[in-house]
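An overview of the molecular structure
Listed below, chain by chain, are the residues.
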Amino acid sequence: MSSKIERMVRTWDDPVLKQVCTAVEPGDKLDFVEKLVMVAKKYRSAAGVTAAGLAAPQIGIAKRVIVTNCRNTRGTVATRTMINPAIYARSLETEVAEEGCLSYPGKLKRVRRHAWIEVSWLTLERRPMSQKFSGFEARVIQHEVDHLDGVCRVGDDSPDDVDVIDESAPFTADDAKALSGEPNVKVIRRLSTSAIHRTAILAAVLAAGIGGKGRHS
Ligand SMILES: [Zn+2]
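Residue numbers restart at each chain and count upward from 1, following the sequence in its written direction. In keeping with the predicted nature of the model, local features appear solely for residues at pLDDT of at least 70, side-chain atom pairs appear and are counted solely at 80 or more, and the whole-chain, interface and lining totals rest on all residues. Note that the side-chain values use all heavy atoms of the structure and ignore hydrogens as well as water.

What counts as a helix is a DSSP run of H or I of at least four residues, what counts as a strand is a run of E of at least two, and both are numbered from the N terminus. Looking at the element boundaries, Asp-146 is found in helix H3 (residues 135–148). A distance of 2.9 Å separates a polar atom in the side chain of Asp-146 from a polar atom in the side chain of Arg-113. Apart from residues lying up to four places away in sequence, Asp-146 is in contact with Arg-113, Val-151 and Arg-153. We call two N or O atoms a polar contact when they sit within 3.5 Å, provided that within protein one can donate a hydrogen and the other can accept it, with sequence-adjacent residues counted only if both atoms are side-chain atoms. Throughout, a contact is declared for two residues whenever any of their heavy atoms are within 4.5 Å.

Next comes the structure, spelled out in structure tokens:
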């Protein structure tokens, strides 16, 4: 059974997840930010998943506000609120890693992101800030800023991303067949998240030449 906090997060086909959010204006009330921070800090799914970040539309508010909840270099989790975040510089270098999203529970995708970004934003006290981020935090910010434009690479169908998921069923011959049939295909079956299954899936993905090198049948 899902917790009360878990139920505050909008999921799947909720139309607010597809909306382009509006910028916070000087006169706007920001009461919802408290709830956003609370959900980001306290979220823990039945499966033990916690929130690395959360965007306002994920709690039903179509405003440009995100919260990140990432471990810093000293190992402590720091919560950061960004109002009207804007990514104004991006590395040419990109990295691929698995991402999940609280709005699409149980789904994981391998998503390519910029290795570092430079971001400007306003704090809750509306002080302008700008900073360079790299690694996991840069990935989280890119994911959350996508949400503000009604986009989620985990939930949306994107030809560049590959599903690697499954909560229940093992990787099957049908999955392998689906993968070998088309390049850039998504694994439709929900594949196991165990390390063994992930390895099997990635091996199958590589064998199928995902990324344009696969054969068309
Ligand atoms: Zn998300």
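Attention now goes to the coordination of the zinc ion. Only Cys-101 (SG), His-143 (NE2) and His-147 (NE2) from the protein coordinate the zinc ion, and they sit 2.0 to 2.1 Å from it. Here the donor residues of the zinc ion share one chain and are spaced in sequence as C-x41-H-x3-H. Taken together, the residues span about one helical turn, with His-143 and His-147 both in helix H3 at a distance of 4 residues. Residue His-143 is classed as buried on the basis of its relative accessible area of 7%. Note: metal donors comprise N, O and S atoms at 2.8 Å or less from the metal (3.2 Å for Na, K and Ca); water molecules are not included, so apparent gaps in a site are possible. A simple rule labels every residue: compare its accessible area, found with a 1.4 Å probe on the protein chains alone, to the largest value its type can have, and call it buried under 20%, exposed over 50%, or partly exposed in between.

This part is about the environment of Ala-55. Along the polypeptide, Ala-55 turns up in strand S1 (residues 53–55). Expressed as a C-alpha distance, the spacing of Ala-55 and Val-37, which sit 18 residues apart in the sequence, is 9.6 Å. Apart from residues lying up to four places away in sequence, Ala-55 is in contact with Leu-36, Val-65, Ile-66, Glu-144, His-147 and Leu-148.

Now for the nonpolar core. Within this scheme, the nonpolar core is defined by two criteria: the residues are buried Ala, Val, Leu, Ile, Met, Phe, Trp, Tyr or Cys, and they are joined through side-chain atoms within 4.5 Å. Within the largest apolar cluster, 20 residues are counted, with the highest numbers of intra-cluster contacts made by Ile-66, Met-82, Tyr-104, Ile-117, Val-119, Phe-133 and Ile-141. Looking at this core, the elements that each hand over two or more residues are strand S3 (77–90), strand S6 (116–122) and H3. Dropping the residues within four chain positions of it, Ile-141 is found in contact with Ile-66, Thr-68, Met-82, Ile-117, Val-119 and Phe-133. Membership of the second largest hydrophobic core comes to 19 residues, among which are Ile-5, Val-39, Tyr-43 and Ala-56.

Bringing the packing of aromatic side chains into the picture now. Side-chain rings of Phe, Tyr and Trp, where Trp is taken by its six-membered ring, are said to pair if the distance between their centres is within 6.5 Å; with planes under 30 degrees apart they count as stacked, over 60 as edge-to-face, and otherwise as tilted. Counting across every chain of the model gives 2 aromatic pairs. On the numbers, 5.5 Å between centres and 90° between planes, the contact of Trp-12 with Tyr-104 is edge-to-face. Of this pair, Trp-12 sits in the loop between helix H1 (4–7) and helix H2 (31–42) while Tyr-104 sits in the loop between strand S4 (94–100) and strand S5 (108–114), placing them 92 residues apart in sequence. Judged by its relative accessible area of 3%, Tyr-104 falls in the buried class. Aromatic pair Trp-121 and Phe-133: ring centres 5.9 Å apart, planes at 45°, arrangement tilted. With Trp-121 in strand S6 and Phe-133 in strand S7 (residues 128–134), the pair connects residues that are 12 residues apart, well separated along the chain. The residues Trp-121 and Phe-133 share a single accessibility class, namely buried. It is Lys-132 that lies over the ring of Trp-116; its NZ or CZ is 4.2 Å from the centre. Counting as a charge over the ring demands two things of the Lys NZ or Arg CZ atom: a distance within 6 Å of the ring centre and an angle within 35 degrees of the ring normal.

Here, a salt bridge means any Lys or Arg side-chain nitrogen found within 4 Å of an Asp or Glu carboxyl oxygen. One pass over the full model with this rule turns up 8 salt bridges. Measuring nitrogen to oxygen at the nearest pair gives 3.1 Å for the salt bridge that ties Asp-14 to Arg-10. Residues Arg-80 and Glu-137 are paired through a salt bridge, measuring 3.4 Å at the closest nitrogen-oxygen approach. Within this pair, whereas Arg-80 is found in strand S3, its partner Glu-137 is found in helix H3, the two being separated by 57 residues in sequence. For Arg-80, a relative accessible area of 23% corresponds to the partly exposed category.

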